[in-house]
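The lines below spell out each chain.
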Amino acid sequence: LNRNTHRIIYVFLISCLAFSISLGKFLMSISLIGLFLNWIIELDFKRKWKKIKERRYFPLLLAGLFLVELFWLPFSEDLLIGLNVLRIKLPLLLLPIILGSKDNFQKTEWKAIISSFFVGLLISTFWVYLVSIDILPTKKTSGTIRDASIFMSHLRYSALLSLAFILVLFLAIKRWANNIFCLFFGLWLGFLIVKFSTLTAILGLFTSLIVGFLIWLKVENNPNKKIISLFVISLFLGSAGYLYAIVNEFHQIKSQERSKKTHSINGEKYIYDLNNNMTENGYYLWENIAPKELEKEWNKVSELSFKGNDNKGQKLKATLYRFLTSKGLNKDSLGLSKLSKKEIKLIEEGVTSRITYNNLEKRIRSLLYEMEFAKKNTNVNNQTLNQRLVFWQVGKEIMLIRPFFGFGPGGVKKEYKKYYSNNQTILTKDNQLLAHNQFITQFINLGAIGGLIWIFLLVYSSARVNKELWCLFVPYAILMFFMFMSDDMLEVQAGVTIFSLFGTMMVFYQPNSS
């Protein structure tokens, strides 16, 4: 095969990788293997090495994000786990070397790659939407919108949607894509981002857009700057007002006076905690509770045990307490008798309030509830934020065992498992998870020395991006930072491919060829 044929195969396989990045790891793996084989079969290594030297060996430096972990492999106590981690992270090596040793993409090639990404994402999002409305099946059983994310974790999928939204906005601003397409596809992505309501991705996207907008104001010379700025400022102020309304409604108290009732209508003495000011729909939660008679009556009307979990995995009695409180009812047999069969079903499904909230409002209220709950309780199980704080504290203790050189690639898995086995923890078995923080994971695996080298390579690589892409790359970097702070993003194939493909393509972008 001649060089031109290999070039066509190369662009085709990059396009396949972009297409498959939202559709699961099988197609991603095939695309990556194809890219590597084409690069090897093409030979012409002298020319490829020359291209790497022209780029001042930067492809090797970017591949250092993988190589530093390879060099740390001897520190791993379990080489099989370490090698498996390196296998997952191969995109960090392959993509910088392959893309960095090839000529820059031309305009038609960029169109093919970006179009492939959008087509794959369009298929993926429609599929996921049909799952979310129960037209297509899912294997997940949490009973939440997360079950619809069948191709990867909901967190990474939300990050991919957010990244696509940023890309669509960037293309529209640069007028590099059809404005009508950008408008409707952007609205579709925005709808799904809100539907999934992954707060990490939404907060990362919101911050990214603010910083991206400030960069755009500085570097772009647009005659409509004032109108666009007014629209953007109004949008952000509206979002801030919406958030304030949710928080204010959560903390609003309909009656400051605490209940003076002592017994239920059936004579059971109420349980109180007058020092606990948690509310649900403006009513105090921890008052007028008769658990014995409530348990007896609940078990008559539901197949789910009062002392068990609802269909979301939450403590059912807590869900029941909150739902009754949201209606202004006492937590006793009389209060339960005023619920309809439909409301009993809602409680079984994990609904905690009589008021219907959209997914975003539910997630924000859930986070607010966790923050209030943590003030009075130590049980953090099944609580997104509070569990992560425990994971991070465990990670800190593990890091201090081998602070300089760490435990080698994959060491984080073995050490967390060992910690949970050897130490008492408030986490139940199902919730004894890993760091959920890529930075902590890296410092456990690589220690302070390797971790700082890894961060240096990450930051230095970012500084090499062409100024024309700042409005795109900086929001991408901010979004990835938020993902790194709340997820082990690079420990699974989907996460590492999303990070590496977009980052590598932007790092090697040259405007004169595009």
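Position labels on residues start from 1 in each chain and follow its written sequence. A pLDDT threshold of at least 70 governs which residues receive local features in this predicted model, and a stricter bar of 80 or more applies before side-chain atom pairs are shown or counted, although totals over entire chains, interfaces and linings include all residues. With hydrogens and water excluded, all non-hydrogen atoms of the structure serve as input to the side-chain values.

1. A few points about the overall build of the chain
In terms of helices and strands, the chain carries 21 helices and 2 strands. A globule of 514 residues ought to have a C-alpha radius of gyration of about 24 Å, and the chain, at 26 Å, matches this closely. If one aligns the C-alpha atoms of the chain with their principal axes, the spans along those axes are about 90 × 60 × 40 Å. A simple rule labels every residue: compare its accessible area, found with a 1.4 Å probe on the protein chains alone, to the largest value its type can have, and call it buried under 20%, exposed over 50%, or partly exposed in between. Counting all 514 residues of the chain, 49% fall into the buried class. Counting only carbon and sulfur atoms, one obtains 64% of the accessible surface of the chain, whose full area is about 25900 Å². The sign given to each residue is positive for Lys and Arg and negative for Asp and Glu; His and the chain ends receive no count. A single reference atom marks each charge: NZ on Lys, CZ on Arg, CG on Asp, CD on Glu. Charged side chains in the chain number 61 positive and 36 negative. The centres of these two groups are separated by 7 Å. Note on conventions: DSSP H or I runs of at least 4 residues are helices, E runs of at least 2 residues are strands, and numbering of each starts at the N terminus. Only C-alpha atoms enter the radius of gyration, while the globule expectation follows 2.2 Å times N to the 0.38, with N the number of residues. In short, Shrake-Rupley with a 1.4 Å probe defines the accessible areas, and a residue's cover is counted only from the protein chains shown.

2. Regarding helix H15 (residues 341–348)
What H15 keeps buried is the set Glu-343, Ile-344, Ile-347 and Glu-348. Viewed along the axis of H15, the buried residues span an arc of 150 degrees, placing them on a single side of the element. Should any heavy atoms of two residues lie within 4.5 Å, those residues are considered in contact. Of the surrounding secondary structure, the elements contacted by the buried residues of H15 are helix H12 (291–301), helix H13 (316–326) and helix H14 (333–337). Downstream of H15 by a residue or two, Gly-350 has a phi angle that is positive, lying close to 95 degrees. Each C-beta atom gives one direction from the helix axis, and the arc is the one those directions make.

3. Some points on the packing of helix H8 (residues 154–174) against helix H20 (residues 470–486)
Working note: a packed helix pair is described by the angle between its axes plus the distance between those axes. The convention used is that axes are lines fitted to C-alpha atoms, helices contributing only their stretch in contact, and that angles between N-to-C directions extend from 0 to 180 degrees. With their axes 10 Å apart at the nearest point, H8 and H20 run at an angle of 170 degrees to one another. Considering the angle they form, H8 stands roughly antiparallel to H20. Two secondary-structure elements touch here, H8 through Leu-155, Arg-156, Ala-159, Ser-162, Leu-163, Ile-166, Leu-167 and Phe-170 and H20 through Cys-471, Leu-472, Pro-475, Tyr-476, Leu-479, Met-483 and Ser-486. We call Asp, Glu, Lys and Arg charged. Ala, Val, Leu, Ile, Met, Phe, Trp, Tyr, Cys and Pro are nonpolar, and the rest, Gly among them, are polar. Residues belonging to the contact of H8 with H20 are distributed by class as follows: 12 nonpolar, 2 polar and 1 charged. For classification purposes, angles smaller than 35 degrees are called roughly parallel, those larger than 145 roughly antiparallel, those between 65 and 115 roughly perpendicular, and all remaining angles oblique.

4. Some words on the packing of aromatic side chains
Side-chain rings of Phe, Tyr and Trp, where Trp is taken by its six-membered ring, are said to pair if the distance between their centres is within 6.5 Å; with planes under 30 degrees apart they count as stacked, over 60 as edge-to-face, and otherwise as tilted. Per the stated rule, a full pass over the model turns up 38 aromatic pairs. Pairing Phe-105 with Trp-110 gives two aromatic rings, centres 5.4 Å apart and planes at 70 degrees, and the pair type is edge-to-face. Residue classification places Phe-105 among the buried residues on the basis of a relative accessible area of 7%. Judged by relative accessible area, which is 15%, Trp-110 ranks as buried. Seen from their ring centres, Phe-117 and Phe-118 are 5.6 Å apart, and the 40 degrees between their planes marks the pair as tilted. We classify Phe-117 as buried; its relative accessible area is 3%. Counting every residue linked through ring pairs, the aromatic cluster contains Phe-439, Trp-454, Phe-473, Tyr-476, Phe-481, Phe-482, Phe-484 and Phe-499. Note on criteria: charge over ring means Lys NZ or Arg CZ within 6 Å of the ring centre, with the direction from the centre no more than 35 degrees off the ring normal. Across the ring face of Tyr-10, the terminal group of Lys-102 is positioned such that the distance to the ring centre comes to 5.0 Å. The cationic tip of Arg-322 hangs over the ring face of Tyr-369; the distance from NZ or CZ to the ring centre is 3.7 Å.

5. Some remarks on the packing of H12 against H13
At a closest axis distance of 12 Å, the pairing of H12 and H13 adopts a crossing angle of 100 degrees. Relative to H13, the element H12 is oriented roughly perpendicular. Note on element contacts: H13 touches H12 through Leu-316, Leu-320, Tyr-321 and Leu-324, opposite Pro-291, Leu-294 and Trp-298.

6. Comments concerning the side chain of Asn-437
You can see Asn-437 is positioned in the loop between helix H18 (411–422) and helix H19 (438–463). N or O atoms within 3.5 Å of each other form a polar contact, as long as, within protein, one can give a hydrogen and the other can take it, and as long as residues adjacent in sequence are counted only when both atoms are side-chain atoms. Only 3.1 Å separates the side chain of Asn-437 from the backbone oxygen of Met-485, close enough to count as a polar contact.

7. Description of helix H21 (residues 493–507)
To estimate how far a helix should extend, the number of its residues minus one is multiplied by 1.5 Å. With 15 residues, H21 extends 21 Å between its outermost C-alpha atoms, agreeing within 8% with the 21 Å of an ideal straight helix rising 1.5 Å per residue. By the criterion of burial, H21 is predominantly enclosed, with 15 of the 15 residues buried.

8. Observations regarding unusual backbone geometry
If you check the backbone angles, Asp-134 has positive phi at about 65 degrees while not being a glycine. Summarising the element assignment, Asp-134 is placed in the loop between helix H7 (107–132) and H8. A positive phi angle, close to 60 degrees, is found at Asn-288, a residue other than glycine. Topologically, Asn-288 is positioned in the loop between strand E2 (283–284) and H12. Among the residues examined, Asn-288 registers a relative accessible area of 6% and is labelled buried.

Don't take any of this as a statement about function, it's just geometry.
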